[in-house]
Amino acid sequence: MIINQLTFLLLFCLLGWSGALIRPVPGISTSDRDGRTLHRTKRGWMWNSFFLLEEWTGTGKQYVGKLHSDMDTEDGNVKYVLMGDGAGTVFEIDENSGDIHATRRLDREEKALYTLSAKAVNKTSGLDLEKASEFIIKIHDINDNEPKFAKDTYVASVSEMSNVGAFVIRVTATDADDEAYGNSAKLVYSILQGQPYFSVEPETGVIRTALPNMIRENREHYQVVIQAKDMAGQMGGLSGTTTVNITLQDVNNSPPRFPHSTYHLSTPESAGIGSSVGRIKAYDADVGENAEMWYSILDGDGQDMFNIITDSTSQEGVITVKKQLDYESKRLYSLRVQVTNTHIDRRFEQLGPFSDTAIVRITVTDVDEPPVFSRTLYIFEVDEDTPAGSSVGTVSARDPDTINHLSVSCLSSPVRLYTIDRHTDLERLFNIDSNNGTISTLQGLDRETSKWHNISVLATELSTALQTRVPVFIKVRDVNDNAPEFAMYYETFVCENVKAGQLIQTISAVDTDEPLVGHKFVFSLSSINPNFTIFDNEDNTARILTRRGGFNRREMNSYLLPVVISDNDYPIQSSTSTLTVRVCACDSRGNVQTCSTEALLLSAGLSTGALVAILLCILILLMIVVLFAALRRQKKKEPLIISKEDVRDNVVSYNDEGGGEEDTQAFDIGTLRNPEVIDTNKLRICCNQWCGQCVL
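This is a predicted model, so every value here is computed, not measured.

K.L.:
Which residues make up the confidence of the model for the protein chain, and what are the values?
P.N.:
With 80% of its residues at a pLDDT of at least 70, the protein chain reaches an overall mean of 80. Throughout residues 1-46 the model reports pLDDT below 50, and contacts reaching past four residues in sequence, or to other chains, amount to 65 contacts.

The following block contains the structure:
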């Protein structure tokens, strides 16, 4: 059978070969596919290619073909030589007969063809009888490779509630066999596992849904096994498989539902605003954002007292306190709570409604509470001249666990201790009755020192030592106990050349008191003044006017003017403030030039330049006197030579060089010595007539 196949392949690919004639041995015949016997004619043949089946399973070497040259007379003198791909390793040639054999099994998937060349050589001379001719040995494919998928396992997903035929994923397999020969590489896909939920297209490997409205909540994960088979899926074909893990993606097709229609919660009355009362939770079979919920209160008698918020992490509804609770006022509240999906898919609205309601009943429990003041803060007023011990006001607290208020008529109440926090009353200005909460003064108050006093009062429940603090603001009302006075210090002057009735100053006043109707000051002089008068402007200011003219600094350089200032409150307060008016020299326009009495010398007509010249002259005279005194002091020094009989030569200065120490004949140095001066001043005088110097 193998011989017949080889013969068929050789006949199928036989072509003419110019120069190298290859033919079978005479007498050998081959058969075609129809079984007819073919006879070769006596002519040269050229083989361009040979075909060789891969994966040879026979014994021995696999026969490829035979080379024969017309130059071969079969006398044993011709030698056939094979060259090229695999020559000598994969293929070998019988040098005498020209038969070519494959030395081992060949795999088309490793190498599909081999290019070789052959020539005929004279054994004796070694010369080529034929030039080298090239031919190809093609490896003929057989179905020896199964299809292989790109991945062993695929992961895919598809939305739940999808229609039939929804695309899931495409898987692809490849076959290493030759696609151009037969059906060895023609693949067909089929599903081995995963029906009836999914299907696969045989030609493309596209997986699609096979059932409508698959629900993730019923089943989320599917494992599908896909097979790829070659030979177009026919019997005997090779196959490969892969696994596809398919997950149904969630959509919002499940509404939230409360597991209970009624919930019961409790909270103490002392729970602070914003504190948690409890949690309720609805369940949604969806996942992710499709399971996100929002809680709200629809109605109920506790709608104003409680609030509900959504915990985004746990998807729970947290009920919190909205207003302060009071067990004694109301002990039971009811709420109707609703839960709704936040992300509603309009495609599945017909599966709704996507909300649910439940009743929440909240019980308020009693706790022992501290005292409660009747007000959150107290404001009292007291006059500043109120004597010590006067009542300011009364604070009141009650025990919220009872209906009794703290008062004098209810001394049996456990809340009966009032105290002042002394950290807020360091000066101890106030006191409080520990039983009835009456606040009184301990000292006199001065509004001008402090207008407000802020203290804290404590109410203590003796049975539990619970305390409550309340602020008390005490305003000190004003009493007219301060007289008005000048608003500022005034520097007032009057010109010597002023005329009568001329304005010299406008004054105003201030008062530390604060009357309800505002200040109203009255200005007047304590007595009639011949020099000045005052005019009240009736707007809390007054004008000071001259009564006469012709003021003279030499006669009076300043005047004291007592001004009486009175208020209009009760009792009337007044004070006398003295205004000092200085007399000054002014120019014709009334501008002050000087107000000092020392400047009266200016009236003699001396200008500023003349005064400066006089000062310079005085300074020069002083310098001359000092210099003269210094010269006289120098003349009073005692001369070195006292004796009139002490005759000396004049000391003459020469520019000639002296004789030095050896010249002792020029002058008698002894005559220059005065023993009396030496003993008194201990001085030594040396003169040198040659150098013209005298040294002390």
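Next comes the rest of the write-up.
K.L.:
Residue-level account of the environment of T89, with values.
P.N.:
Mapped onto the secondary structure, T89 falls in the loop between β7 (78-84) and β8 (91-93). Expressed as a C-alpha distance, the spacing of T89 and T103, which sit 14 residues apart in the sequence, is 7.1 Å.

K.L.:
Go over the sheet that holds β7 with me, naming the residues and quoting the values.
P.N.:
Sheet strands pair by backbone hydrogen bonding; their relative direction is either parallel or antiparallel. Pairing within the open sheet is mixed, and its four strands lie in the order β5-β11-β10-β7. Either end of the sheet is taken by a strand with one partner, and the two such strands are β5 (49-53) and β7. Taking the axes of each pair of neighbouring strands and ignoring which way they run, one obtains an average angle of 30° across the sheet. Relative to strand β11 (residues 133-140), β5 runs parallel, the two sharing five bridges. Along β11, the bridge assignment pairs F51 with K138.

K.L.:
Outline the packing of aromatic side chains, listing residues and values.
P.N.:
Scanning the model with the defined rule gives 14 aromatic pairs in all. Seen in terms of ring centroids, F373 and Y378 are 6.3 Å apart; in terms of plane orientation they differ by 75°. Their pairing is edge-to-face. By relative accessible area, which is 9% here, F373 ends up buried. The class for Y378 is buried, based on a relative accessible area of 1%. Ring centres of F373 and Y418 lie 6.4 Å apart, and the angle between their planes is 50°; this geometry places the pair in the tilted category. Of this pair, F373 sits in strand β28 (residues 372-373) while Y418 sits in strand β32 (residues 415-420), and the two are 45 residues apart along the sequence. Taking relative accessible area as the criterion, Y418 reaches 1% and is therefore assigned buried. Among the aromatic residues, those joined into a ring-pair cluster are F373, Y378, F380 and Y418.

K.L.:
Outline the pairing of strand β26 (residues 332-341), listing residues and values.
P.N.:
Bridge analysis of strand β23 (residues 293-299) against β26 gives six bridges, and the strand direction is antiparallel. Residue pairing across strands places M293 opposite N341, the latter belonging to β26. Looking at chain direction, β26 and strand β27 (residues 355-365) are connected through nine bridges and run antiparallel. Within β27, the residue paired with V337 across the bridge is A358.

K.L.:
If you had to explain the side chain of D230 to someone new, which residues and values would you point to?
P.N.:
Its place among the elements puts D230 in the loop between β19 (221-229) and β20 (239-249). Of the side chains bearing the opposite charge, K229 lies closest to the buried D230, which forms no salt bridge; the N-O distance is 7.3 Å.

K.L.:
Outline the sheet that holds strand β22 (residues 276-280), supporting the account with residue identities and numerical values.
P.N.:
Pairing within the open sheet is antiparallel, and its three strands lie in the order β22-β25-β24. Looking at the sheet topology across the chains shown, the edges are occupied by β22 and β24 (306-311). Taking each pair of neighbouring strands and ignoring which way they run, the sheet shows an average axis angle of 25°.

K.L.:
Give a detailed account of the pattern of salt bridges, specifying residues and quantitative values.
P.N.:
Between side chains of opposite charge, a pair can form as their charged atoms come close. According to the stated counting rule, one finds 21 salt bridges in the structure shown. Note that D99 and K66 form a salt bridge whose closest N and O atoms lie 3.3 Å from each other. Of this pair, D99 sits in strand β9 (residues 99-102) while K66 sits in strand β6 (residues 62-66); the two residues are 33 residues apart in sequence, bridging distant segments of the chain. Judged by relative accessible area, which is 14%, K66 ranks as buried.

K.L.:
Please set out the side chain of S456 residue by residue, giving values where relevant.
P.N.:
Of note, S456 is situated in strand β35 (residues 452-461). By relative accessible area, S456 is classed as buried at 13%. The contact partners of S456, leaving out residues within four places of it in the chain, are T419, I420, D421, T424, R469 and V470.

K.L.:
Lay out unusual backbone geometry with the relevant residues and their values.
P.N.:
Put simply, Q195 and P196 share a cis peptide bond, and its omega is 5°. Position of P196 among the secondary structure elements: in the loop between β16 (188-193) and β17 (198-200). Phi is positive for A232, close to 60°, though the residue is something other than glycine. The residue A232 is located in the loop between β19 and β20 in this model. Exposure remark for A232: the relative accessible area of 26% places this residue in the partly exposed category.

K.L.:
I'd like to hear about the state of the cysteines, residue by residue, with values.
P.N.:
For the coordinates displayed, the defined rule picks out two disulfides. Disulfide pairing is shown between C495 and C586; the S-S distance is 2.0 Å. With the S-S bond torsion at -85°, the cross-link from C495 to C586 turns out left-handed. Taken together, the residues span a long stretch of sequence, with C495 in strand β38 (residues 492-495) and C586 in strand β44 (residues 574-586) at a distance of 91 residues. Summarising the burial analysis for this pair, C495 and C586 share the class buried. If the cysteines joined by disulfides in the protein chain are listed in sequence order, their pairing comes out as 1-3, 2-4.

Cut-offs applied
Residues numbered from 1 in each chain as written. Predicted model: local features only at pLDDT ≥ 70, side-chain atom pairs only at ≥ 80, totals over all residues. Heavy atoms only, no water. pLDDT = per-residue confidence, 0-100. Contact = heavy atoms within 4.5 Å. Helix = DSSP H or I, 4+ residues; strand = E, 2+ residues; numbered from the N terminus. Pairing = 2+ DSSP bridges. Axes fitted to C-alpha atoms, helices over the stretch in contact; angles between N-to-C directions. Phe/Tyr/Trp six-rings, centres within 6.5 Å; stacked < 30°, edge-to-face > 60°. Buried < 20%, exposed > 50% of the residue type's maximum accessible area, 1.4 Å probe, protein only. Lys, Arg positive; Asp, Glu negative; His and termini not counted. Salt bridge = Lys/Arg side-chain N within 4 Å of Asp/Glu carboxyl O. Disulfide = S-S within 2.5 Å.

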